[in-house]
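# Coordinate analysis (summary)
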Amino acid sequence: EILGLNELRHLHMAECALEGTLPTQFGFLHKLTDLNLYNNALVGQIPDQIESLQNMKILTLSKNQFQGPLPQFLQSMNMLEELFLEH
């Protein structure tokens, strides 16, 4: 299972027909620096557990169906260089 790969740094799952909510377990991938979930069918809110990804440099969540306000924790992700949230 991908979420058990503790040393994972880059995860690109763009256009993989993912559906449902973003699993909160993504927050356990502490070494992740690049997460690309572009153009899937993910719904709901961006989970708070993403805040624990303090090494994240590039976060791509565009072309999904996320709802709700932009999470406040994005401001505290000091390593974040690129954020893509286009609907």
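Thresholds applied
Residues numbered from 1 in each chain as written. Predicted model: local features only at pLDDT ≥ 70, side-chain atom pairs only at ≥ 80, totals over all residues. Heavy atoms only, no water. Helix = DSSP H or I, 4+ residues; strand = E, 2+ residues; numbered from the N terminus. Areas by Shrake-Rupley, 256 points an atom, 1.4 Å probe, with all protein chains shown as cover. Lys, Arg positive; Asp, Glu negative; His and termini not counted. Charge placed at Lys NZ, Arg CZ, Asp CG, Glu CD. Pairing = 2+ DSSP bridges. Axes fitted to C-alpha atoms, helices over the stretch in contact; angles between N-to-C directions. Buried < 20%, exposed > 50% of the residue type's maximum accessible area, 1.4 Å probe, protein only. Contact = heavy atoms within 4.5 Å. Polar contact = N/O pair within 3.5 Å; in protein donor to acceptor, adjacent residues only side chain to side chain. 1 Å grid on protein atoms, 1.4 Å probe; cavity = no way out; pocket = protein on both sides within 12 Å on 5 of 7 lines; lining within 4 Å. Points joined across faces, edges and corners; volume = space filled by probe spheres on them. Nonpolar A, V, L, I, M, F, W, Y, C, P; charged D, E, K, R; others polar.

### Describing the overall build of the chain
Helix and strand counts for the chain stand at zero helices and seven strands. Traced from its N-terminal end to its C-terminal end, the chain shows the element sequence β-β-β-β-β-β-β. For the chain, the C-alpha atoms occupy an extent of roughly 30 × 25 × 20 Å along the three principal directions. Split by element, the accessible area of the chain, about 5,300 Å² in all, is 51% carbon and sulfur. Of the side chains in the chain, 4 bear a positive and 10 a negative charge, and the two mean positions are spaced by 8 Å.

### Let's talk about the sheet that holds strand S1 (residues 10–12)
What the four strands build is an open sheet, ordered S1-S3-S5-S7; its pairing is parallel. Two strands lie at the open edges of the sheet, namely S1 and strand S7 (82–84), each paired on one side alone. In this sheet, adjacent strand axes meet at a mean angle of 5° when their direction is disregarded. Pairing of strand S5 (residues 58–60) with S7 involves three bridges; the strand directions are parallel. Note that in S7 the partner of Leu59 across the bridge is Leu83.

### A few points about the environment of Ser52
Residue position: Ser52 is located in the loop between strand S4 (41–44) and S5. The class for Ser52 is partly exposed, based on a relative accessible area of 28%. Sequence separation between Ser52 and His30 is 22 residues; the distance between their C-alpha atoms is 6.8 Å. Filtering out sequence-adjacent residues up to four positions away, Ser52 remains in contact with Gly27 and His30. Engagement of the side chain of Ser52 in a polar contact is seen with the backbone oxygen of Gln49, the distance being 2.8 Å.

### Considerations on the layout of surface pockets
Computed from the structure, the largest pocket encloses a volume of approximately 190 Å³. When the residues that make up the lining of the largest pocket are grouped by side-chain class, the tally is seven nonpolar, five polar and two charged.

### Topic: the sheet that holds S4
Read from one edge of the open sheet, three strands run S2-S4-S6, paired in parallel fashion. Only two strands of the sheet have a single neighbouring strand rather than two, namely strand S2 (19–21) and strand S6 (65–66).

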